[in-house]
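Structural overview
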Amino acid sequence: DAGVTQSPTHLIKTRGQQVTLRCSPKSGHDTVSWYQQALGQGPQFIFQYYEEEERQRGNFPDRFSGHQFPNYSSELNVNALLLGDSALYLCASTTGIGHTEAFFGQGTRLTVV
Amino acid sequence: TQLLEQSPQFLSIQEGENLTVYCNSSSVFSSLQWYRQEPGEGPVLLVTVVTGGEVKKLKRLTFQFGDARKDSSLHITAAQPGDTGLYLCAGARSNDYKLSFGAGTTVTVRA
């Protein structure tokens, strides 16, 4: 049973560039959430996708956008990268929008230089 | 400010000792989860508690959800070096689909 998979695992980008991160949810899961985890901190909620729509959004600027595909996989896009965007980006999947028992991928480590 | 406050922030103990991590909030949660995270990896779900006063045991780990569903604790008996990691509590509130995480407790068990 495949768990949550994310790609790439590591990424280095220059300030001002754009980045796309990808996530495939756990088999049988249809809801994907994205979190940002800065060093030494707990994960912070970015947004959640269900039925290909953004259902809830955290306190992140519009530079952060996403998409969910018909096969439930998802992308996180960040435009105009800032040094402060350097973090571990985590994807979590759940079964249905009302369920919160989330399973996380290994994350994408983004470094902005 | 964090919705969930975890304490202590760091904990270093000798193998065989016991430890307790606390997770407190002024908000009521419909469910609360504990995760363990290794460096460079994603959090791994340990347990979910949903009922006030609930106690769940997972081998040497005991999890408790407060009666008012505002706080939780994780107790590890006879800690082993393999218990080393970042322990995160995360809560879900009614009508709120996201998980709110604490800042985490870094546990180091010395052999």
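Look a little higher up for the structure.
This write-up is about the structure you can find in this document. Residue numbers run consecutively from 1 along every chain, following the written order of its sequence. Note on labels: chains are lettered from A, ligands numbered from 1, in written order. Note on the predicted model: pLDDT of at least 70 is required for a residue's local features to be given, and 80 or more for side-chain atom pairs to be given and counted; whole-chain, interface and lining totals, by contrast, use all residues. Side-chain calculation: all heavy atoms of the structure are included, whereas hydrogens and water are not.

What follows covers the nonpolar core. All names here are of chain B. Counting residues in hydrophobic clusters, the biggest one holds 20 residues, and the most contacted among them are Leu-19, Leu-32, Trp-34, Leu-74 and Ile-76. At the level of secondary structure, the elements contributing two or more residues to this core comprise β3 (19–24), β4 (31–37), β5 (44–49), β7 (61–65), β8 (71–76), β9 (85–92) and β11 (105–110). Whether two residues touch is decided by their heavy atoms; if any such pair falls within 4.5 Å, the residues are in contact. Discounting residues that sit within four places of it in the chain, Ile-76 has contacts with Glu-17, Asn-18, Leu-19, Arg-60, Leu-61, Asp-83 and Tyr-87. Grouping buried Ala, Val, Leu, Ile, Met, Phe, Trp, Tyr and Cys residues that are joined through side-chain atoms within 4.5 Å yields what is termed a nonpolar core. Under the scheme applied here, a residue whose accessible area is under 20% of the maximum for its type counts as buried, over 50% as exposed, and between as partly exposed, the area being computed with a 1.4 Å probe on protein chains only. Numbering of helices and strands starts at the N terminus; helices are DSSP runs of H or I of at least 4 residues and strands are runs of E of at least 2.

All names here are of chain B. Should DSSP find at least two bridges between two strands, the strands are regarded as paired. On the basis of which strands lie adjacent, the open sheet formed by five strands has the order β1-β3-β8-β7-β6 and antiparallel pairing. The sheet terminates laterally at β1 (5–7) and β6 (55–58), the two strands that pair on one side only. Taken over all neighbouring pairs, the strand axes of this sheet differ in orientation by 15 degrees on average, direction set aside. Examined bridge by bridge, β7 and β8 share five bridges and lie antiparallel to one another. Within the sheet, the bridge partner assigned to Phe-65 lies in β8 and is Ser-72. For helices, the axis comes from a line fit to the C-alpha atoms of the stretch in contact; other axes are also lines fit to C-alpha atoms, and the angle between any two N-to-C directions lies between 0 and 180 degrees.

What follows is about the pattern of salt bridges. By salt bridge we mean one thing: a side-chain nitrogen of Lys or Arg within 4 Å of a carboxyl oxygen of Asp or Glu. Using the criterion set out here, one finds nine salt bridges over all chains in the structure. It is possible to trace a salt-bridge network through shared partners that takes in B:Arg93, B:Asp96 and B:Lys98.

On to the interface of chain B and chain A, then. Taken residue by residue, the interface counts 21 residues in chain B and 20 residues in chain A. Summing both partners gives a buried area of about 1600 Å² for chain B against chain A, and 53% of it is carried by carbon and sulfur. Under this definition, polar contacts are N or O atom pairs within 3.5 Å; protein pairs additionally need one hydrogen-donor-capable and one acceptor-capable atom, and for neighbouring residues in sequence, both atoms have to be side-chain atoms. Put simply, chain B and chain A have eight residue pairs in polar contact (both at pLDDT 80 or more) between them. Elements that contribute at least two residues to the side of chain B that touches chain A include exactly β4, β5 and β9 of chain B. The dominant element in the side of chain B that touches chain A, judged by the number of residues it contributes, is β4(B), at four residues. Polar here means any residue other than Ala, Val, Leu, Ile, Met, Phe, Trp, Tyr, Cys and Pro, which are nonpolar, and Asp, Glu, Lys and Arg, which are charged; Gly is therefore polar. Here the side of chain B that touches chain A is built from residues that sort into 10 nonpolar, eight polar and three charged. Once two parts are brought into contact, the accessible area they lose, counted with a 1.4 Å probe and summed over both, makes up the buried area.

Any two of the Phe, Tyr and Trp rings considered here, Trp counted by its six-membered ring, make a pair once their centres fall within 6.5 Å; the pair's planes then place it as stacked at under 30 degrees, edge-to-face at over 60, or tilted in between. In the structure shown here, the tally under the stated rule is eight aromatic pairs over all chains. A centroid spacing of 5.3 Å and a plane angle of 85 degrees characterise the contact between A:Phe47 and A:Tyr49, whose relative ring orientation is edge-to-face. For A:Phe47, a relative accessible area of 0% puts it in the buried group. On the basis of an interplanar angle of 45 degrees and a centroid distance of 5.8 Å, the ring pair of B:Tyr35 and B:Phe101 is categorised as tilted. In this pair, B:Tyr35 sits in strand β4 while B:Phe101 sits in strand β10 (residues 100–101), placing the two residues 66 residues apart along the sequence. Under the relative-accessibility criterion, B:Tyr35 is labelled buried at 0%. A relative accessible area of 3% means that B:Phe101 is categorised as buried. An aromatic cluster of three or more residues is present, and its members are A:Tyr35, A:Phe45, A:Phe104, B:Tyr35 and B:Phe101. Two thresholds decide whether a charge sits over a ring: the Lys NZ or Arg CZ must be within 6 Å of the ring centre and within 35 degrees of the ring normal. Over the ring of A:Phe103 we find A:Lys26; its NZ or CZ atom is 5.3 Å from the centre of that ring.

Let us now look at unusual backbone geometry. With an omega of -10 degrees, the peptide bond running from A:Ser7 to A:Pro8 counts as cis. By secondary structure assignment, the location of A:Pro8 is in the loop between β1 (5–7) and β2 (10–13). Here the bond from B:Ser7 into B:Pro8 is cis, since omega is -10 degrees, no more than 30 degrees from zero. When you line up the elements, B:Pro8 lands in the loop between β1 and β2 (10–14).

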